[in-house]
Amino acid sequence: MRSPTPTATRRGRHDREIFALTLPAFGALIAEPLFLMADSAIVGHLGTAQLAGLGISAALLTTLVNVFVFLAYATTAAVARRVGAGDRRAAVQQGIDGIWLALFLSVPIVAAAITLAPALCDLFGASATAAPYAITYLRISALGIPAMLGVLAATGVLRGLQDTRTPLLVAVTGFSVNLLLNLALVYGAGLGIAGSATGTVLAQWGMGAAYLTVVIRGARRTGAGLRPDPAGIRACATAGVPLLVRTLSLRAVLLIATGVAARLGNTEIAAHQVAMSLWSFLAFALDAIAIAGQAIIGRYLGAGDAAGARAATRRMVEWGVGAGVVLGALLLLARPLYLPLFTDDPAVRHQLDSVLLVAALSEPVCGVVFVLDGVLMGAGDGPYLAWAMLATLAVYAPVALTVGSTGLVALWIAIDLCMAVRLVFLCVRARTGAWLVTGAVRA
């Protein structure tokens with residue numbers, strides 16, 4: 001019997017590691033959408049105005065929190081580097097600095113959300129009947145923002161420590177508690193939409209407390225300090241700024257697409273919303289591989305193993321292509337099963353037939369883009385990612401605003417173009433090797 005080649009052995013090791021990090025990461029990623037789905041299902045039975053108010057306030061809240069997703073990404077990379085360098089105490093200390101940064105950032109955000117709730121809801125087009133419910137939900141939910149940002153940072157700590165199972169466990173428990181609390185407060189206590197917001201806030205603080213307990217235990221085991229360190233917090237903020245620019249640019253891409261689709265008509269915006277919901281859900285699967293990339297690449301570079309980082313990157317790119325092909329095929333072949341769940345309107349479904357074909361064709365490209373995005377984040381290559389995303393936005397925006405106005409299919413071709421441009425920028429960077437900076441801290 002022939003023994004496995006070194007290449008096959010190495011690939012098998014990478015596969016096991018990628019799978020062990022990716023599967024739990026995917027489960028944790030879909031927790032927030034499940035929170036919103038549970039809230040929508042419960043509030044929807046209160047009335048149309050309440051559901052409309054929830055939709056507006058949830059969109060605002062999601063935007064406010066997701067802008068700071070760099071708290072997870074930058075922390076993952078920094079912690080993983082120190083793990084690779086064999087300095088677990090410094091790794092945990094870096095994570096604690098990230099959590100303090102999250103808590104400090106949350107103070108002005110909470111104040112702004114509570115104070116500006118009426119103006120924000122009006123800006124998003126809340127009707128006279130929906131606005132009171134939107135304002136109530138947003139003001140109560142804002143009290144959970146410190147926990148939500150703290151969870152982002154703490155999740156980054158655990159990912160950097162190569163642990164994606166604990167975030168999955170906390171996410172599943174949090175979703176379950178959220179569902180039970182909402183049912184009890186909305187219907188049992190008769191609090192209506194305020195009960196839904198309160199239940200979600202309590203669940204989020206419970207998740208934050210669970211993460212904090214895990215991190216404190218890690219600090220005690222390694223001897224890391226729990227007090228805020230100004231220098232460490234500044235370092236976290238500095239590393240996060242480029243990723244914030246990247247995230248804002250990416251959000252601009254999505255907002256432009258929504259704005260263009262809205263001007264095409266009700267049928268088009270309805271079809272676009274369904275297509276974007278499906279596309280975003282598939283992105284969670286691909287993003288799970290990217291999260292594995294952040295943790296794995298950071299650890300390899302921290303250990304000074306540039307060759308190992310390159311080998312792991314090649315294997316993860318293969319995973320990304322394979323996952324993209326499978327997801328694209330499922331998106332097309334499963335249409336008869338899932339489209340009736342979204343709409344019975346023949347006009348909307350006709351639009352979706354063509355749009356989903358365009359979306360499905362881009363999935364293999366998306367697979368590579370997401371993986372390389374995660375790899376470069378894990379390498380701490382945030383400045384390049386920021387400039388690349390700004391350049392992509394500069395190419396995409398005029399195309400989407402001009403060509404997209406001719407129809408929804410053209411708009412989604414523009415979205416595919418955006419992903420293709422990102423692919424070029426990321427592949428060029430990955431080939432140069434300029435991102436392969438080794439050491440416990442990226443200079």
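Look above for the structure.
Before going into details, it helps to say that this report is about the structure given with it. What you are looking at is a predicted structure, and each value in this text was computed from that prediction instead of being measured.

**Points about the nonpolar core**
Within the largest apolar cluster, 115 residues are counted, with the highest numbers of intra-cluster contacts made by Leu-71, Leu-149, Ile-297, Tyr-396 and Trp-412. A total of 16 residues in this core trace back to one element, the largest contributor, which is helix α12 (residues 266–302). Sequence-distant contacts of Leu-71, defined by excluding residues within four places in its chain, comprise Gly-98, Leu-101, Ala-102, Leu-105, Leu-149, Leu-152 and Ala-153.

**Structural notes on the environment of Ala-414**
Checked against the element boundaries, Ala-414 lands in helix α18 (residues 408–432). Distance in space between the C-alpha atoms of Ala-414 and Trp-100 is 40 Å, their sequence separation being 314 residues. Every residue in contact with Ala-414, bar those within four places of it in the chain, is listed here: Tyr-396, Val-399 and Ala-400.

**Let's talk about a nonpolar patch on the surface**
On the surface, Leu-179, Leu-183 and Tyr-187 cluster together into a nonpolar patch covering about 240 Å² of accessible area. With respect to the helices, strands and loops of the structure, Leu-179 is situated in helix α9 (residues 165–188).

**Some words on the state of the cysteines**
Tallying each qualifying case throughout the model produces 0 disulfides. A disulfide-free cysteine, Cys-427 has its sulfur positioned 13 Å from the sulfur of Cys-366, the nearest such atom. Relative accessible area serves as the criterion here: at 27%, Cys-427 is assigned to the partly exposed category.

**Some details on a positive patch on the surface**
Together, Arg-88, Arg-217, Arg-220 and Arg-221 give the surface a local cluster of positive charge. Among the elements that make up the positive patch, the one with the highest residue count is helix α10 (residues 193–222) (3 residues). By the secondary structure assignment, Arg-221 is in helix α10.

**Some remarks on α10**
With 30 residues, α10 extends 44 Å from end C-alpha to end C-alpha; this agrees with the ideal 44 Å at 1.5 Å per step. A positive backbone phi angle near 85° is found at Gly-223, which sits one or two residues after α10.

**Section: the pattern of salt bridges**
In total, this model carries 5 salt bridges according to the counting rule given. Among the salt bridges present, the one from Arg-246 reaches Asp-373, with a minimum N-O distance of 2.6 Å. Taken together, the residues Arg-246 in helix α11 (residues 230–264) and Asp-373 in helix α16 (residues 363–378) connect sequence positions 127 residues apart. The same class applies to Arg-246 as to Asp-373, namely buried. Across the salt bridge formed by Arg-422 and Asp-373, the nearest N and O atoms sit 3.4 Å from each other. Residue Arg-422 is located in helix α18, and its partner Asp-373 is located in helix α16; the two are separated by 49 residues in the primary sequence. Both residues of the pair, Arg-422 and Asp-373, belong to the buried class. Via salt bridges that share partners, Arg-246, Asp-373 and Arg-422 belong to a single interconnected network.

Reading guide: rules and limits
- Residues numbered from 1 in each chain as written.
- Predicted model: local features only at pLDDT ≥ 70, side-chain atom pairs only at ≥ 80, totals over all residues.
- Heavy atoms only, no water.
- Core = buried A, V, L, I, M, F, W, Y, C linked by side-chain atoms within 4.5 Å.
- Buried < 20%, exposed > 50% of the residue type's maximum accessible area, 1.4 Å probe, protein only.
- Helix = DSSP H or I, 4+ residues; strand = E, 2+ residues; numbered from the N terminus.
- Contact = heavy atoms within 4.5 Å.
- Patch = residues over 30% accessible without salt bridge, like charges linked within 9 Å, V, L, I, M, F, W, Y side chains within 5 Å.
- Areas by Shrake-Rupley, 256 points an atom, 1.4 Å probe, with all protein chains shown as cover.
- Salt bridge = Lys/Arg side-chain N within 4 Å of Asp/Glu carboxyl O.
- Disulfide = S-S within 2.5 Å.
- Lys, Arg positive; Asp, Glu negative; His and termini not counted.
- Charge placed at Lys NZ, Arg CZ, Asp CG, Glu CD.
- Expected span 1.5 Å × (residues − 1).

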